[in-house]
Amino acid sequence: MLRMQGFTVQVARSPEEAVALYAAAPDAAFIAGGTDLLPEIKLGLSQPRTLVAIGTALPATVQDEGADLVLGAGLRLEQVAALGLPALSAAAAHVGSPQVRAAGTLGGNVMLSPRCMYYNQTPAWRASLGGCMRAEGPLCRVTGSAARCVATQCSDTLPALLVLGARLRLCSPAGTREVPLADLLRYDGMRPMDLAPGELLTHVILPRPAPGTRCRVDKLAARGSIDFPMLVTAVLLRLRGAVVEELRIAVGAVSPQPRLLPVDAWVGRPLHEAAVGELADLAWQKVRPVASVEGDVAWRREVARVTVRRALESLRAEA
Amino acid sequence: MAEPVVLHLRVNGQEHAVLAPAAWTLLEVLRYQLDLTGTKQGCDKGDCGACTVLVDGRPTLSCLTLAVLAQGQEVRTVEGLDRRLARAFEAAGAVQCGFCQPGMLMSAQALLEREPQPAEAQVRQALGGNLCRCTGYGRIVQAVLDVAQGVERLPSPPAPGHLAVGADLPRPDSLGKLLGEVPFTDDLSLPGMLHGRILRSPHAHARIRGIDLSAAHALPGVHALVTGADLPTPYCVIPWTPDETALCTDKVRYVGDGVVAVAARDEETADAALRLVKVDYEPLPAVLDLDTAEAAPALVHEVDWKGRARRDNCCKEVAMAFGEVDAGFAAADAVVEDTWFYEGNTHAPIEPHCALARWDAAGNLTVWSATQVPHYLHKTLAEVLAVDPARVRVVRPAVGGAFGGKSEPFDLELCAAALARQAGRPVKILYTREEVFLAHRGRHPMELRLRLGATADGRLTACESDIRVDGGAYHSFGMVTTWYSGQLLTGPVHLPAYRYRSRRFYTNKPCCGPKRGHGTVQPRFALECAIDELAVRLGLDPIELRRRNALPSGSHTINELYVPTVGLLPCLDAVEAASGWKERRGKLPFGRGLGVAVSMYISGTAYPIHPTDMPQSGVQLLADRSGRITVSCGAAEIGQGSDAMLITVVSEELGIDPEAVRVVTGDTDLTPVDLGSYSSRVTLMCGLAAQEAARDLRGRMVAALARRWGVAEDQVVVGRGAWFLRTDPGRSAPVAEVLRLAEGAEGRPLVAVGAYRTRKLGGSYPGGTIGASPAYSTTAHVAEVEVDPQTGHLRVVQVWAAHDCGRALNPKLVAGQVEGSVAMGYGEALIEAQTYDEGGRLRAPSLLEYGLPTAVESPPVQAILVETLDPQGPYGAKEAGEGPLHPIIPAIGNAIFDAVGVRLRRTPFRPADLLAALQGTG
Ligand SMILES: Cc1cc2nc3c(=O)[nH]c(=O)nc-3n(C[C@H](O)[C@H](O)[C@H](O)COP(=O)(O)OP(=O)(O)OC[C@H]3O[C@@H](n4cnc5c(N)ncnc54)[C@H](O)[C@@H]3O)c2cc1C
Ligand code: FES
Ligand code: FES
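Procedures and definitions
- Residues numbered from 1 in each chain as written.
- Chains lettered and ligands numbered in written order.
- Predicted model: local features only at pLDDT ≥ 70, side-chain atom pairs only at ≥ 80, totals over all residues.
- Heavy atoms only, no water.
- Domains from an automatic or database assignment.
- Buried area = accessible area lost by both parts, 1.4 Å probe.
- Salt bridge = Lys/Arg side-chain N within 4 Å of Asp/Glu carboxyl O.
- Polar contact = N/O pair within 3.5 Å; in protein donor to acceptor, adjacent residues only side chain to side chain.
- Helix = DSSP H or I, 4+ residues; strand = E, 2+ residues; numbered from the N terminus.
- Pairing = 2+ DSSP bridges.
- Axes fitted to C-alpha atoms, helices over the stretch in contact; angles between N-to-C directions.
- Contact = heavy atoms within 4.5 Å.
- Nonpolar A, V, L, I, M, F, W, Y, C, P; charged D, E, K, R; others polar.
- Buried < 20%, exposed > 50% of the residue type's maximum accessible area, 1.4 Å probe, protein only.
- Near = heavy atom within 4 Å.
- Areas by Shrake-Rupley, 256 points an atom, 1.4 Å probe, with all protein chains shown as cover.

1. Considering the domain arrangement of chain A
All names here are of chain A.
- According to the domain assignment, chain A consists of domain 1 (1-57), domain 2 (62-112 + 151-207) and domain 3 (214-318).
- On a C-alpha basis, the centroid separation for the pair domain 2 and domain 3 is 20 Å.
- Contact with domain 3 buries surface across domain 2, with Thr 152, Val 163 and Tyr 187 losing the most and accounting together for 30% of the total.
- In this assembly, domain 2 and domain 3 are joined by 1 salt bridge.
- Lys 219 serves as the salt-bridge partner of Asp 156, at 2.9 Å between the closest nitrogen and oxygen.
- On inspection of domain 2 and its partner domain 3, the count reaches 9 residue pairs in polar contact (both at pLDDT 80 or more).
- Put simply, the parts of the chain that give the side of domain 2 that touches domain 3 at least two residues each are α4 (88-94) and α8 (158-163).

2. Some words on the sheet that holds strand β31 (residues 776-787) of chain B
All names here are of chain B.
- If you trace the 4 strands from one edge of the open sheet to the other, you get β23-β31-β32-β33, paired in mixed fashion. This sheet does not close on itself; its edge strands, each paired only once, are β23 (592-602) and β33 (861-866). Strand-to-strand twist of the sheet, defined as the mean angle between neighbouring strand axes without regard to direction, takes the value 15°.
- Pairing between strand β32 (residues 794-804) and β33: 6 bridges, direction parallel. Bridge pairing in β33 places Ala 802 opposite Ile 864.
- Along the sheet, helix α17 (residues 568-578) makes contact with β23, β31, β32 and β33, crossing β32 at roughly 145°.

3. Focus: the interface of chain A and chain B
- Contacts between the two partners involve 46 residues from chain A, matched on the other side by 65 residues from chain B.
- For the pairing of chain A and chain B, the buried interface totals around 4,700 Å² over both sides, and the portion due to carbon and sulfur atoms is 58%.
- Contact with chain B buries area across many residues of chain A, yet Met 1, Arg 3 and Gln 99 of chain A alone supply 20% of it, more than any other trio.
- The salt bridge involving Glu 267 of chain B is made with Arg 3 of chain A; its shortest N-O contact spans 2.6 Å.
- Here chain A and chain B share 23 residue pairs in polar contact (both at pLDDT 80 or more) between them.
- For the side of chain A that touches chain B, the secondary structure elements donating two or more residues are β1 (8-11), α2 (37-42), β3 (50-53), α5 (98-103), α7 (123-129) and α11 (297-318) of chain A.
- A per-element tally of the side of chain A that touches chain B places α11 of chain A first, with 6 residues.
- Of the residues assigned to the side of chain A that touches chain B, the class counts are 21 nonpolar, 14 polar and 11 charged.

4. Describing the pairing of strand β6 (residues 167-172) of chain A
Residues and elements named next belong to chain A.
- Extensive coverage of β6 is indicated by the burial of 5 of its 6 residues.
- In this sheet, strand β7 (residues 175-180) lies alongside β6 in antiparallel orientation, the contact comprising 6 bridges. Each bridged residue has a counterpart across the sheet, and for Cys 171 the counterpart in β7 is Thr 176.
- Taken together, β6 and the strand that follows it, β7, pair antiparallel across an intervening segment of 2 residues.

5. With respect to the site of ligand 1
- Taken together, 36 residues lie near ligand 1, and Phe 30, Thr 35, Leu 37, Thr 105 and Asn 109 of chain A sit nearest.
- In this structure, ligand 1 sits where chains A and B come together, each supplying nearby residues.
- A distance of 2.9 Å separates an oxygen atom of ligand 1 from a polar atom in the side chain of Lys 219 of chain A.
- Ile 226 of chain A has a polar backbone atom sitting 3.3 Å from a nitrogen atom of ligand 1.
- Within the complex, 95% of the 970 Å² of free accessible area of ligand 1 lies under protein.
- Among the elements that take part in the shell around ligand 1, helix α6 (residues 106-110) of chain A stands out by supplying 3 residues, more than any other.
- Among the residues forming the shell around ligand 1, the class breakdown is 18 nonpolar, 11 polar and 7 charged.

6. Considerations on the domain arrangement of chain B
Residue and element names in this part refer to chain B.
- Assigned domains of chain B: these are domain 1 (4-80), domain 2 (190-284 + 351-400 + 406-439), domain 3 (514-607 + 770-921) and domain 4 (617-756).
- Just the C-alpha atoms count here: the centres of domain 2 and domain 4 sit 40 Å apart.
- Each side of the interface is counted separately: domain 2 has 13 residues, and domain 4 has 17 residues.
- Of the roughly 1,200 Å² buried at the junction of domain 2 and domain 4 (both faces included), carbon and sulfur atoms supply 50%.
- Looking only at domain 2, the three residues that lose the most surface to domain 4 are Gln 372, Arg 393 and Arg 396, adding up to 44% of its buried area.
- Viewed at the interface, domain 4 and domain 2 are joined by 2 salt bridges.
- Here domain 2 and domain 4 share 7 residue pairs in polar contact (both at pLDDT 80 or more) between them.
- Contributions of two or more residues to the side of domain 2 that touches domain 4 are made by α11 (374-384) and β16 (392-395).
- In terms of residue class, the side of domain 2 that touches domain 4 is built from 7 nonpolar, 4 polar and 2 charged.

7. A look at the side chain of Thr 241 of chain B
- Turning to its location among the elements, Thr 241 of chain B is positioned in the loop between β8 (222-227) and β9 (251-252).
- Thr 241 of chain B has contacts with Cys 236, Trp 305, His 475, Ser 476 and Met 479 of chain B, leaving out every residue within four places of it along the chain.

8. A short note on unusual backbone geometry
- For the bond running from Gly 491 of chain B to Pro 492 of chain B, omega is -5°, close enough to zero to count as cis.
- Note that Pro 492 of chain B resides in the loop between α14 (478-487) and β20 (498-506).
- Cis peptide bonds are those with omega within 30 degrees of zero, and the linkage from Thr 907 of chain B to Pro 908 of chain B qualifies with -15°.
- Checked against the element boundaries, Pro 908 of chain B lands in the loop between α24 (888-900) and α25 (911-918).
- Here Ala 253 of chain A, not a glycine, exhibits a phi torsion of approximately 65°, which is positive.
- In this structure, Ala 253 of chain A sits in the loop between β11 (243-252) and β12 (259-260).
- Residue Ala 253 of chain A is classed as buried on the basis of its relative accessible area of 1%.
- Phi angles above zero are rare outside glycine, and Asn 12 of chain B is one such case at about 50°.

Below is the structure:
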């Protein structure tokens, strides 16, 4: 078996205690559901000496604050899936397997460690390769350069959260801050989010969508269950008649950074057939899958075009 | 190791205080501290679901749950489950090897507690995190729906005129496996037991210049270390090609080849010890593909086992010709010719290989191992450990799936035995999931050039193939694979003229071997797709084309194999009708298609691996005075149902209640030899041996009863549960009484033996015995697919699989074999690939990346059993566990062509390739 050793576990009862425990311990890591962290520890990718358990410290609540819906980062994905929220619930239902969703949290999914086929391997495998810049080696094995790590951010929920305009509430010994998710995401597999070490995600805040807003998320994976995505697309659309009032398209699981596509030019224009085609082509132009996870890159790019087109068509037809 | 902590866990309603390391998972604590071994481990990182338990009612992966954090919650394991679901699983025939089942039950339980009336799609979703390699999920889903809907399934009665044959007897061990009480090898532990690990090569090809064990020896807790020098005797399951050693001696030949084995007080210490071992390697150029292997800039093996220098990497070449091939092609109106590539893939049983070895004070060795071949393991242990075979005992606990992947000796068995000898304590070695992939012995990648001709009216005239087989670093069964790739293609579609050449090459990759359907899955793919192409070219219905070329029962193939019964026509009729072929084919919209393919497979081989004058299989029956019979046989129950088959045969012959028949199999001390569970030989060979033993016993029992009743022997009739007088059925004696009567009459314990003795079969030419089998099964499949022409996404909508098994001794188990074969072939067709990067590293060494099909996308399979009553098999039975895998791959390929007009010549049929082909860029 993949035996773990070398760490102790401290259970935090509140977010403040969690960040304090983290700050006090050398080589600490937060553990929520553990469904991402424990495989990493088992593969020797992370070697924390203290695990700060945040499962019971984090809020697992859904608060209606008028303009915002505030989700506790401790909500388990199966709970998120059952909330009936646009885009996000469907995205949560796409994650892994029932067991992964029963233990994995929303916070853990947002903070998911990017994945790479040269990295998420056993120590013996990586030793045979000679490591990569993220662990035990000098270069990125995908690009052959040391510029940056291009592991893929495979979180199912991030694209949905991007189109929903989510903000993250973060807690640290210095206090609390609230930042738009889009501002935190980075194109860097080793530091996919612009956070200080030991910052704890406590809430995910969703601005209430304007009436008439429709969303859709699609996941591309090899199997009907368990697999991480090879492509996630999320689309948010609000029309008045045929005219676009609000449009956001996000694409994830193709690179270290899930991204919103630049679609502002289509706002205020009618969403007829040709515009749908243009947006689909835009997706194809902007999506440049990186070969750090399975799935032919040219094909994923083409599927992004098809999925965006179909999503727009189906959302338009719902009107 | 970190300080242990005291844990307070509530499991199945009971409080436990246990001392365990803080870093242990709930899985480790349940299995190794609380002895709750019903919870299984298949991957240890979330990919398989075998370890599923309930935590506060939620289905939870115990391998990804820290035990510390499960405190204060209600943990439930299979041991605490009531029997409602388990009984439904048993009744639906949902259990095969049983290894996935406890986890599956827990997921099902969680679903039903939350949603008592789920729809089928919800059940499939709820089981979507639990992999099953045996069943294809259909019966598992059915069982859950049965519970929800209150359906009780009763076993079917025996076939007319039979006492047990044809009845759906449950497996003797199914409830025990479901509820986690039947031990698999890793569930065993012995006092003083140590844990072993094997250090594996980081290089695809390198010379070993030196090994320094001193630091590892010095580590506290380390008890034994062995290297290749300690176990230098080469071996191979095929005695003609002994080209591997338990650990590498001179060179390492693939990334993962074993170099050093250690035994320590626990796995953590063993791992630490291996990190201290220093191996000095001189890297060599690696041979990683067929072209390089053939060009031979480097040799994987420089000398063979006889010490002769090798000049190339070709380790086996077979070239044969039968009939007038050139004339056949000259007479053809249409000829198709193309190159096909069948990708390698692997068995991936959910149970990782495991072995436990102990030497007793008298110097006797016992090895418990998850093996399909206790007899060959016994032989190899004796040879490699240089110990008198009379001192070796092999015990096969329950095996959690094998499919050919556990059908030869592995390094872990030999190393566990060697380490245990050195340490003077028992040693267990459990492969990690990555090691299971490295042990491999799976499907060989094959590149096939195939040419096939036919006349305008659809008569095949000739077939020719040239095959390159990528063998990996050693031989394994590769000699047989090479032969089979040519020999077994000559039916059930008759080839009137046939020529083939097949060459197997050594490469610096894990060794390929026998995977379910061994040797012919790859050429069958090429042939059956080529037949489809010919049908298109000639404007004929592909089913009709196969009908016109059907090999008749009781005939010889062009390569002189005698085939007593061929169920091709009834199988084709069955799938044609069930799939609505005539009405629907050609009328489906673009993107939907139907495809057909057929196959034939052996029921054991006439030519055993170790030719001897002794029988291939022996069975012994022993009656006790309570009216119970113990059947012992060396056959390995690996989930295919051979134990149930033995019970059926004995029950059929003696009218004894199946529950009064006990089976002892797979223990070399207690059972007569059977060669093992491979080549689909067990039902036919062990079945006949059991029948012979039971008939002998029956004759003696009849004599005793006739004498007691004072009647002629032909007046005694064997009935179910009791025997009676032909002229006065009111006069009867329970079977138990007849057994006692017979023991009294004979004046000694009531024992009977039977055997299957190999008859000489096969062609008159050298090699003509290879592929010769007493009987051959036939299969026909129709697959329906849906292709998304814009994304290349492929969905298999439904599969109809008609299989001629001769006689279904137990229809539910036979159907389960057919469904499981289709499921495995489906994975090969769509997803699975065992491939390597440019350094020879496995690309997908985990169940996550490798991707076994899940319950969510696996297609429904309708298994149709066709009975041809083969004169060679017991009650007419022949094989059912392998043949039904073959046609699914070409059937899907042909259906894709029907759907979108694209011919994929490479497996797996990945959507990216399909899209590229559709867009004309592939
Ligand atoms: C077999 C398998 C399949 C999977 N498939 C998918 C999939 O399809 N899609 C997908 O998106 N994911 C998948 N996952 C990954 C993972 O299970 C999920 O993303 C899950 O949501 C992670 O949540 P968790 O609570 O278990 O995270 P944890 O493992 O507890 O944590 C993950 C990381 O986030 C950090 N972290 C967790 N919570 C916080 C917080 N509140 N503040 C700051 N840092 C935090 C941890 O320190 C850790 O580095 C899969 C995992 C497995 C094992
Ligand atoms: S052992 Fe836990 S999921 Fe495989
Ligand atoms: S019965 Fe499911 S893995 Fe064998």
